[in-house]
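# Residue-level structure breakdown
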Amino acid sequence: WGAGVLVIIALFFLYSYYSKVSIVKRVMDVDKSKESISGIKVMLYVKNKSGKEIEKLRVIDYLPKLIAASGKDFGTMRPIKTQVSSTGRMRLIWEFENVGNNDERIITYVARSKLSIIGKLNLPNAIVEYFTKRGKPIRRKSNKLTLLTSVEQKEE
């Protein structure tokens, strides 16, 4: 059972290493009290390792229900489109005309909770999409993130 986990981890790193475009999702800061999360600063790191320029690269990130980002919450790059689904999930879309070989793009934004979140907050994968010169669509997913709040128990 332990060997299987090691094989899966090794395959993940090989896939990430040989992937021509990579995307990594990180939480840079969490605005929280002892018991709840009220906001998070998210960073998306995109790197082109393909050896050639990529045209029309798209980055898509999703926020779970009850979490949203507004116009003032974006760093240097605002998304070209924000959408909210009927289930309350938010989708953020950024587009880049050209991303050169070994170029990287860093997207940061702050996501705020409409209510205080207690317990666990799951942030889904971000996605990078582009097309090869022959028109074949390529999609790569980032890592998922899970944030936990700690609840201190009082001794009586």
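Preceding this section is the structure that the text describes.
Now for a description of the structure that goes with this document. For clarity, every value in this text was computed on a predicted model and none was experimentally measured. (Residues numbered from 1 in each chain as written. Predicted model: local features only at pLDDT ≥ 70, side-chain atom pairs only at ≥ 80, totals over all residues. Heavy atoms only, no water.)

### Focus: the packing of aromatic side chains
In plain terms, the rule: In this scheme Phe, Tyr and Trp rings, the latter by its six-membered ring, pair at centre separations within 6.5 Å, and the angle between planes marks the pair as stacked below 30 degrees, edge-to-face above 60, and tilted otherwise. Helix and strand assignments come from DSSP, with helices taken as H or I runs of at least 4 residues and strands as E runs of at least 2, each series counted from the N terminus. Each residue is assigned to one of three classes by its accessible area relative to the maximum for its type, calculated with a 1.4 Å probe on protein chains only: buried under 20%, partly exposed between the two thresholds, exposed over 50%.
With the rule as written, the count across this model stands at three aromatic pairs. For the ring pair F74 and Y109, a centre distance of 6.1 Å and an interplane angle of 45° mean the geometry is tilted. Of this pair, F74 sits in the loop between β4 (67-68) and β5 (81-84) while Y109 sits in strand β7 (residues 104-117), placing them 35 residues apart in sequence. With a relative accessible area of 1%, Y109 lands in the buried category. Here a set of aromatic residues connected by ring pairs shows up, and it is made of F74, W94 and Y109.

### Description of the pairing of strand β3 (residues 54-63)
Applied cut-off: Here, a strand pair is defined by DSSP locating no fewer than two bridges between the strands.
Judged by how many residues are buried, β3 sits mostly within the fold: seven of ten residues are covered. Taken together, the three bridges between β3 and strand β9 (residues 127-131) define a ladder with antiparallel strand orientation. For R58, the partnering residue across the bridge sits in β9 and is E129.

### Some words on the environment of K25
How we decide: Residue contacts follow a heavy-atom distance rule, with two residues in contact if any of their heavy atoms lie within 4.5 Å. We define a polar contact as two N or O atoms separated by no more than 3.5 Å, with the added condition that, inside protein, one atom must be a possible hydrogen donor and the other a possible acceptor, whereas residues neighbouring each other in sequence contribute only through side-chain atom pairs.
For K25, the location among the structural elements is in strand β1 (residues 21-32). Look at K25 and you get buried, because its relative accessible area is 1%. For the pair formed by K25 and I127, sequence separation is 102 residues and the distance between their alpha carbons is 9.7 Å. Not counting the four nearest positions on each side in its chain, K25 is found in contact with V42, M43, L44, D61, Y62, L123, P124, N125, A126, S142, N143 and L145. Here P124 takes part through its backbone oxygen, which lies 2.6 Å from a polar atom of the side chain of K25.

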